[in-house]
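Structural characterization, general
Here is how the chains run, residue by residue.
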Amino acid sequence: MTTLAKAQQQTLANQAEHYNAAQAKAAERGPLHLITFWTNVCRKLAKDALEAGDPEVANRLAAHLNNFYRDYTQ
C-alpha cells in the first residue's frame, strides 16, 4: 500500500470515528438532534458531490426528501 493510500485510509477512519461519535452524542440529546445530524451529513455529501461535478447525489437526496414529505402529508 502506498503512502497516499495509507493516508487516505486513515482519513476515512478518522472521519468514521468523528461521525460515529457525533451520531451517538446527537442520539443522546434526542430525536430532533439525531435528525439534524443526519440532515447535515446528507447535505455535506450532496454539496461535496455537486462541487465535484456530480449532481446525482443531490438529485437523489431531493427526490427522497420529496417522497418522505409526500408520504407523511397525505
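Structure first, text after, so check above.
Summary of the structure given here. Model, not experiment: these values are computed from the prediction. (Residues numbered from 1 in each chain as written. Predicted model: local features only at pLDDT ≥ 70, side-chain atom pairs only at ≥ 80, totals over all residues. Heavy atoms only, no water.)

Along the backbone of the chain there are 3 helices and 0 strands. The order of helices and strands in the chain, counted from the N terminus, is α-α-α. Against the 2.2 N^0.38 benchmark of 11 Å for 74 residues, the chain shows a C-alpha radius of gyration of 16 Å, more extended than a compact globule. Along the three orthogonal principal directions, the C-alpha set of the chain runs to about 55 × 35 × 15 Å. With 74 residues in all, the chain has 9% of them scored as buried. As presented, the chain carries roughly 6400 Å² of accessible surface, and 58% of it is formed by carbon and sulfur atoms. Seen as two clouds, the 8 positive and the 7 negative side-chain charges of the chain have centres 4 Å apart. (Helix = DSSP H or I, 4+ residues; strand = E, 2+ residues; numbered from the N terminus. Rg over C-alpha atoms; globule rule 2.2 N^0.38 Å. Buried < 20%, exposed > 50% of the residue type's maximum accessible area, 1.4 Å probe, protein only. Areas by Shrake-Rupley, 256 points an atom, 1.4 Å probe, with all protein chains shown as cover. Lys, Arg positive; Asp, Glu negative; His and termini not counted. Charge placed at Lys NZ, Arg CZ, Asp CG, Glu CD.)

What follows is about the packing of aromatic side chains. One pass over the full model with this rule turns up 3 aromatic pairs. For the ring pair Tyr 19 and Phe 37, a centre distance of 6.3 Å and an interplane angle of 70° mean the geometry is edge-to-face. Separated by 18 residues along the polypeptide, Tyr 19 in helix H1 (residues 3-29) and Phe 37 in helix H2 (residues 31-51) bring together distant segments of the chain. Since its relative accessible area comes to 11%, Phe 37 is described here as buried. Three or more aromatic residues joined by ring pairs form one cluster here, namely Tyr 19, Phe 37 and Trp 38. (Phe/Tyr/Trp six-rings, centres within 6.5 Å; stacked < 30°, edge-to-face > 60°.)

The analysis is restricted to geometry; functional conclusions fall outside its scope.
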